[in-house]
Amino acid sequence: MTVNLEVADGVGTLRLDRPPMNALDVATQDRLKELAEEATRRDDVRAVVLYGGEKVFAAGADIKEMQAMDHTAMVLRARALQDSFTAVARIPKPVVAAVTGYALGGGCELALCADFRIAGDNAKLGQPEILLGLIPGAGGTQRLARLVGPSKAKDLIFTGRMVKADEALTLGLVDRVVPAADVYTEAHRWAAKLAQGPAIALRAAKESIDTGLETDIETGLVVERNWFAGLFATADREIGMRSFVEEGPGKAKFL
């Protein structure tokens with residue numbers, strides 16, 4: 001399989017496995033969507049790590065496969081391409097990308113679907129589609145601009161240039177830079193910590209933030225308000241408040 005889902009300690013690792021560069025061909029895109037939806041459904045998956053292996057995250061689309069596609073073929077495929085990445089972005093649980101080596105084109109777009117990005121000091125990220133006479137087609141024009149702002153996104157997309165880990169950190173494209181050998185360990189540690197948190201509240205927080213970024217503030221406030229009130233019906237809210245009153249902050253053990 002070109003993508004695998006491995007679960008341990010409440011963390012599901014979505015691992016790309018299409019050597020040597022994890023090129024995101026159609027089969028890989030479809031498999032990614034299938035496993036993202038599985039991770040969404042599974043109760044034993046409380047957080048997710050996106051990982052491409054020790055050497056490369058994903059170097060982009062399968063260019064040879066795309067070169068053989070004409071306009072009609074891409075019209076039929078473009079929605080499925082976006083849907084596969086959106087399935088990752090819509091996982092209602094914390095998602096962290098563990099980025100080593102190249103994360104270019106579709107690889108960068110996949111990392112953008114995560115809530116948090118930990119990059120190795122050997123990472124190189126970018127949206128080089130313009131060099132092919134194209135633009136990003138798996139959400140890059142939208143998610144990158146929302147993450148780093150429109151002018152920085154235009155710089156990366158207009159030029160197609162790659163940025164190293166230190167510049168990616170400065171731009172806000174990644175959130176932490178660690179030695180390449182530590183990337184997966186750090187990502188899994190972060191995800192495992194969140195996997196111990198209140199699952200419904202984490203889902204509520206993610207949906208409220210993401211909806212607010214995608215719509216007007218009034219709609220975002222409605223979503224926040226409804227989730228906030230609704231959480232008062234959950235066992236985790238009872239556990240969290242009781243623990244705070246009896247033991248102090250940060251000691252609750254959620255279901």
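No experiment lies behind these values; they were computed from the predicted model shown.

### Digging into the side chain of serine 243
And then number 1: Along the chain, serine 243 turns up in helix α11 (residues 235-247).
And then number 2: For serine 243, a relative accessible area of 5% corresponds to the buried category.
And then number 3: If we skip the residues at most four places from it in the chain, serine 243 touches Gly248, Lys251 and Ala252.

### What to know about helix α6 (residues 150-159)
And then number 1: Those residues of α6 that fall on the buried side of the exposure criterion are Ala153, Leu156 and Ile157. The buried residues of α6 occupy an angular sector of 90 degrees when the element is viewed end-on, so they sit on one face. α6 presents Ser151 and Phe158 as exposed residues on the side facing more than 90 degrees away from its buried surface.
And then number 2: The elements touched by buried residues of α6 are α5 (140-148), β8 (162-164) and α7 (165-171).
And then number 3: Residue glycine 160 follows α6 closely and has a positive phi angle near 70 degrees.

### Section: the pairing of strand β6 (residues 116-120)
And then number 1: Among the five residues in β6, five count as buried, and that is most of the element.
And then number 2: With burial as the criterion, each face of β6 is covered, one bearing Phe116, Ile118 and Gly120 and the other bearing Arg117 and Ala119.
And then number 3: Inspection of the sheet shows strand β4 (residues 95-99) paired to β6 by four bridges, in the parallel sense. What sits directly across from valine 99, in β6, is alanine 119.
And then number 4: Of the strand pairs in this sheet, β6 and strand β9 (residues 176-178) are connected by three bridges, and their pairing is parallel. Bridge pairing links glycine 120 to valine 178 in β9.

### Section: the layout of surface pockets
And then number 1: Of the volumes computed, that of the largest pocket is approximately 780 Å³.
And then number 2: Along its surface, the largest pocket is lined by 31 residues, and Ala89, Leu112, Arg143, Asp210 and Glu214 are the ones closest to its centre.
And then number 3: For the lining of the largest pocket, the secondary structure elements donating two or more residues are α3 (71-89), α5, α8 (183-195) and α9 (199-214).
And then number 4: Here the lining of the largest pocket gets seven residues from one element, more than from any other, and that element is α9.
And then number 5: Its residues placed into classes, the lining of the largest pocket shows 15 nonpolar, seven polar and nine charged.
And then number 6: Its boundaries defined by the atoms lining it, the second largest pocket holds a volume of some 530 Å³.
And then number 7: Lining the second largest pocket are 30 residues, and of these Ala61, Met66, Leu81, Glu129 and Gly137 lie nearest its centre.

### Overview of unusual backbone geometry
And then number 1: Proline 19 connects to proline 20 through a cis peptide bond whose omega is 10 degrees.
And then number 2: Here proline 20 is to be found in the loop between β2 (11-16) and α1 (26-41).
And then number 3: Phi is positive for aspartate 9, which is not a glycine, with a value near 55 degrees.
And then number 4: In this fold, aspartate 9 is placed in the loop between β1 (3-8) and β2.
And then number 5: Even without being glycine, asparagine 22 reaches a positive phi, approximately 55 degrees.
And then number 6: Looking at the element boundaries, asparagine 22 is found in the loop between β2 and α1.

### Comments concerning the sheet that holds β2
Think of a sheet as strands paired side by side through backbone hydrogen bonds, with each pair either parallel or antiparallel.
And then number 1: Taken in spatial order, the six strands make up an open sheet running β1-β2-β3-β4-β6-β9, and their pairing is mixed. Each having just a single partner strand, β1 and β9 make up the two edges of the open sheet. Geometrically, the sheet is characterised by an average inter-axis angle of 20 degrees between neighbouring strands, direction not taken into account.
And then number 2: Its contacts with the sheet put α1 on β1, β2 and β3 (47-51), and the angle it makes with β1 is roughly 25 degrees.

### Focus: the nonpolar core
And then number 1: Ranked by internal contacts, the top residues of the largest apolar core, which has 45 residues, are Leu50, Phe57, Leu125 and Leu173.
And then number 2: It is α3 that contributes the most residues to this core, five residues altogether.
And then number 3: Counting 14 residues, the second-largest nonpolar core is a separate cluster that includes Ala47, Val49, Val183 and Ala191.

### Concerning the packing of aromatic side chains
And then number 1: This structure, assessed with the given rule, holds three aromatic pairs.
And then number 2: When the centroid spacing of 4.7 Å and the interplanar angle of 10 degrees are considered together, the rings of phenylalanine 116 and tryptophan 190 count as stacked. One end of the pair, phenylalanine 116, is in strand β6; the other, tryptophan 190, is in helix α8, and 74 residues separate them in sequence.
And then number 3: For phenylalanine 116, a relative accessible area of 18% corresponds to the buried category.
And then number 4: On the basis of relative accessibility, which here comes to 25%, the residue tryptophan 190 falls in the partly exposed class.
And then number 5: Residues phenylalanine 228 and phenylalanine 232 carry aromatic rings whose centres are separated by 5.6 Å and whose planes lie at 75 degrees to one another, so their mutual orientation is edge-to-face.
And then number 6: With relative accessibility at 38%, the residue phenylalanine 232 sits in the partly exposed group.

Reading the values: the criteria
- Residues numbered from 1 in each chain as written.
- Predicted model: local features only at pLDDT ≥ 70, side-chain atom pairs only at ≥ 80, totals over all residues.
- Heavy atoms only, no water.
- Helix = DSSP H or I, 4+ residues; strand = E, 2+ residues; numbered from the N terminus.
- Buried < 20%, exposed > 50% of the residue type's maximum accessible area, 1.4 Å probe, protein only.
- Contact = heavy atoms within 4.5 Å.
- Arc of directions from axis to C-beta.
- Pairing = 2+ DSSP bridges.
- 1 Å grid on protein atoms, 1.4 Å probe; cavity = no way out; pocket = protein on both sides within 12 Å on 5 of 7 lines; lining within 4 Å.
- Points joined across faces, edges and corners; volume = space filled by probe spheres on them.
- Nonpolar A, V, L, I, M, F, W, Y, C, P; charged D, E, K, R; others polar.
- Axes fitted to C-alpha atoms, helices over the stretch in contact; angles between N-to-C directions.
- Core = buried A, V, L, I, M, F, W, Y, C linked by side-chain atoms within 4.5 Å.
- Phe/Tyr/Trp six-rings, centres within 6.5 Å; stacked < 30°, edge-to-face > 60°.

No statement about biological role is implied by the geometric values presented.
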